[in-house]
Amino acid sequence: MENKKKNFKRYTVTSALPYANGPIHIGHLAGVYVPADIYVRYLRSKGTDVLFIGGSDEHGVPITIKAQQLGISPQEIVDKYHKIIKKSFADFGISFDVYSRTSAPIHHETASEFFTTLYDKGEFVEKTSMQYYDEDNNQFLADRYITGTCPRCGYEKAYGDQCESCGTSLSPAELINPRSSLTGNVPVQKETRHWYLPLDKYQDWLNDWIVKGHKEDWKPNVYGQCKSWLDHGLQPRAVTRDLNWGVKVPLKDTDGKVLYVWFDAPIGYISATREWAAENGKDWEPYWKDEESRLIHFIGKDNIVFHCIIFPSMLKQEGSYILPDNVPAFEFLNLENDKISTSRNWAVWLHEYLEEFPGKQDVLRYTLTANAPETKDNDFTWKDFQAKNNNELLAIFGNFVNRTLVLTQKYFEGKVPELNGLMEEDKKVMDEIRSFPDRIGGSLDAFRFRESQAEMMNLARLGNKYLTDSEPWKVFKEDPERVQTILNISLQICANLAILCEPFLPFTAQRLTAMLNMETLHWNDAGNPELLQPGLQLNNAEYLFERIDDKMIEVQVQKLLDTKKANEMNEQTLDPAKETIDYDTFTKIDIRIGTILEAEKVPKTQKLLKLKVDTGVDIRTVVSGIAEYYKPEDIIGKRACFLVNLAPRKLRGIESNGMVLMAENIDGKLSFISPEDEFDPGSKVS
């Protein structure tokens with residue numbers, strides 16, 4: 001591709017806007033924010049003009065649903081989670097130049113202007129259609145506000161856009177017995193008007209731009225999904241919807257209509273850039289409108305169609321914007337061999353991790369990068385997290401740095417020793433040092449983050465092996481000059497690590513730079529085996545990493561086991577209500593308080609007890625299937641509710657006259673229904 005060879009003047013790097021109805025979890029980090037941050041830190045270290053854009057996506061139906069459930073406003077929901085998300089990112093070292101939000105006035109202004117430009121150019125198609133409407137609430141119902149029975153699997157609580165049970169994508173019209181989740185009423189069909197982006201009109205251009213133009217440089221998973229969409233043929237897509245939360249449609253007579261969140265959210269990248277420019281006295285337009293700027297979107301695979309087909313179509317038709325040059329989308333990260341799910345609380349939440357593992361941001365960054373789902377879904381386990389820390393970061397990287405600095409302090413008072421005569425193994429190591437910036441950088445340029453981090457660790461492995469093989473602690477007595485060379489080269493490896501690990505392990509790089517008493521250097525300085533000058537006084541050695549013991553991991557695993565158990569309990573559902581009866585039928589039922597006078601097991605049965613009951617009306621025999629939960633001797637004298645006008649029925653040859661009423665929970669456990677006070681036998685229950 002021509003752009004692969006082009007030297008761009010500046011980079012605009014966006015990361016998918018997290019939805020502000022919950023906190024950030026490791027799936028978000030592994031698939032979007034850690035790789036984006038690594039890439040941006042690498043570009044900055046090379047001296048590239050790069051703008052890293054983030055922000056919260058604060059519109060859409062899920063936020064209005066959550067607000068309604070909690071009895072608060074949508075703005076209160078997004079204010080809460082925007083604050084949590086922004087702080088978590090900052091504490092974790094995600095180095096945004098700007099972290100904005102789509103509820104900000106500048107975003108509403110930018111999105112409205114963008115819509116108006118396309119509208120004035122005649123790019124939208126206006127259509128009327130029939131949609132579900134809740135007459136009691138006086139509003140059209142978004143798909144998620146409609147529930148009903150799934151036509152595929154029969155699940156009775158399917159949403160209008162998807163069945164949570166079988167995973168099938170649905171439309172509201174497909175639901176059996178649809179109901180409004182706002183009121184529980186049956187919705188009616190009502191005509192509404194909306195504007196559509198005619199994606200079918202852009203089909204030929206998109207084929208040329210993507211299928212022909214990006215076959216070689218886009219990742220196979222991205223290219224393949226785009227080609228599949230295009231092969232099936234594109235259809236017009238609504239850019240407006242009936243809702244009261246979002247960017248208002250900037251046209252007359254459109255009360256109650258907002259821009260669809262998929263349309264306004266990517267415009268959030270532009271509005272965030274405008275916000276950054278205003279706050280920093282910059283011009284925002286070159287980052288979006290100059291052909292010498294390179295636009296790159298970091299996203300998860302569920303956002304590919306929006307960032308590769310729809311948003312580029314919007315930019316193209318607007319006419320003044322550059323198009324994304326690459327969209328290195330990632331697959332999904334699973335957790336302990338199960339799909340991460342916010343609704344099931346099956347996740348490792350970033351804000352909780354930062355509280356429970358203070359100072360260990362880089363351990364999580366390293367583990368997520370090592371397991372990055374670049375080409376297929378991957379898995380995070382706590383045991384692997386522990387192993388990555390103990391067996392790699394601590395045993396290789398940290399061990400090498402600590403041994404080098406401690407030996408330098410021991411033999412040379414913590415000063416960088418001279419580089420004396422070089423042996424063949426020294427020259428070989430110094431040559432290898434020179435190769436690492438290109439090896440790591442080449443992988444980063446190709447968006448191969450796992451590979452690039454592994455190369456960075458190979459530099460630490462090189463140092464560890466060199467130091468171990470050279471055995472300066474054995475050589476010092478006989479040849480201190482040789483030890484000077486060994487430790488000089490080892491320290492040079494440490495200095496190069498301080499530069500080259502910074503995109504991956506920024507907190508570690510900062511601490512290592514301080515220990516080496518070196519000024520902050522940049523990517524182009526790396527590869528030099530003589531970064532530290534002889535005589536430089538080093539600072540005291542500190543451990544860069546510490547061992548994570550089994551107990552810490554057991555706590556995290558137990559949290560997940562508790563979550564799984566709670567989910568299993570929640571998945572058990574109560575029996576649905578029986579058919580409605582009229583009041584006259586109900587009044588025929590005669591329920592009285594009765595006292596159990598005698599109780600015994602029915603022979604050759606496991607469940608049945610034979611009870612002699614004083615009903616106040618008479619003393620009668622009642623047979624009940626409660627033997628699994630109550631011993632006969634424990635219930636004598638028990639007052640409970642009895643149905644006394646039930647027709648007699650023979651059970652195991654015993655005539656039962658009535659029924660004891662029991663409560664049954666979702667586990668099938670039975671419990672007597674008894675009056676709180678000492679009511680006499682025969683007291684009516686009504």
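Let us look at the structure shown here. Remember, predicted model here, so these are calculated numbers, not experimental data.

**Examining the overall build of the chain**
Inference 1: Helix and strand counts for the chain stand at 21 helices and 27 strands.
Inference 2: For 686 residues, the compact-globule estimate of 2.2 N^0.38 gives 26 Å, and the C-alpha radius of gyration of the chain, at 34 Å, exceeds that figure by more than 25%.
Inference 3: Overall, the chain is about 110 × 75 × 40 Å in size when its C-alpha atoms are taken along their principal axes.
Inference 4: Within the chain, the proportion of its 686 residues that are buried is 51%.
Inference 5: The long-range fraction of contacts in the chain, counting pairs at least 24 apart against all pairs at least 6 apart in sequence, stands at 73%.

**Overview of the packing of aromatic side chains**
Two numbers describe a pair of aromatic rings. These are the distance of the centres and the angle of the planes.
Inference 1: Enumeration according to the criterion identifies 40 aromatic pairs in this entry.
Inference 2: Between Tyr353 and Phe357, the ring centres sit 5.0 Å apart and the planes meet at 20°, which makes this aromatic pair stacked. Across this residue pair, the class does not change: Tyr353 and Phe357 are buried.
Inference 3: Ring geometry for Tyr411 and Phe412: centres 6.3 Å apart, planes at 70°, overall edge-to-face. Note on accessibility: Tyr411 and Phe412 belong to one class, buried.
Inference 4: Aromatic ring contacts, followed pair by pair, group Phe114, Phe115, Tyr119, Phe124, Tyr260, Trp262, Phe263, Trp284, Trp288 and Tyr321 into a single cluster.
Inference 5: Sitting over the ring of Phe330, Lys219 keeps its end group 4.3 Å from the ring centre.
Inference 6: Geometry around Tyr321 places Lys289 over its ring, the cationic atom sitting 4.9 Å from the centre.

**Some thoughts on the packing of helix α5 (residues 105-120) against helix α10 (residues 304-318)**
Inference 1: One can describe the packing of α5 onto α10 by two numbers: an axis separation of 10 Å at closest approach and a directional angle of 65°. Where α5 crosses over α10, the handedness of that crossing is left-handed. For the pair α5 and α10, contact is made by Phe114, Thr117 and Leu118 and by Met314, Leu315, Gln317 and Glu318, respectively.

**What about helix α14 (residues 424-445)?**
Inference 1: With 22 residues, α14 should reach 32 Å at 1.5 Å per residue; the first-to-last C-alpha distance of 33 Å fits that figure.
Inference 2: The largest bend along α14 measures about 35° and falls at Ser435, with the proline Pro437 one to four residues further on.
Inference 3: Among the residues of α14, Asp426, Val429, Met430, Ile433, Phe436, Pro437, Ile440, Gly441, Ser443 and Leu444 are the ones counted as buried.
Inference 4: Positive backbone phi, approximately 60°, marks Phe447, located one or two places after α14.

**Points about the sheet that holds strand β1 (residues 10-15)**
Inference 1: Taken in spatial order, the five strands of this open sheet run β3-β2-β1-β13-β14, and their pairing is parallel. In this open sheet, the two strands that pair with only one neighbour each are β3 (98-101) and β14 (324-326). With direction set aside, neighbouring strand axes in the sheet form an average angle of 35°.
Inference 2: Here strand β2 (residues 50-56) runs beside β3; their pairing, made up of four bridges, is parallel. The residue of β3 that forms the bridge with Ser56 is Arg101.

The rules we used
Residues numbered from 1 in each chain as written. Predicted model: local features only at pLDDT ≥ 70, side-chain atom pairs only at ≥ 80, totals over all residues. Heavy atoms only, no water. Helix = DSSP H or I, 4+ residues; strand = E, 2+ residues; numbered from the N terminus. Rg over C-alpha atoms; globule rule 2.2 N^0.38 Å. Buried < 20%, exposed > 50% of the residue type's maximum accessible area, 1.4 Å probe, protein only. Contact = heavy atoms within 4.5 Å. Phe/Tyr/Trp six-rings, centres within 6.5 Å; stacked < 30°, edge-to-face > 60°. Lys NZ or Arg CZ within 6 Å of the ring centre and 35° of its normal. Axes fitted to C-alpha atoms, helices over the stretch in contact; angles between N-to-C directions. Left-handed = near helix turned anticlockwise from the far one by under 90°. Expected span 1.5 Å × (residues − 1). Bend = angle between axes of the 7 residues up to and from the residue. Pairing = 2+ DSSP bridges.

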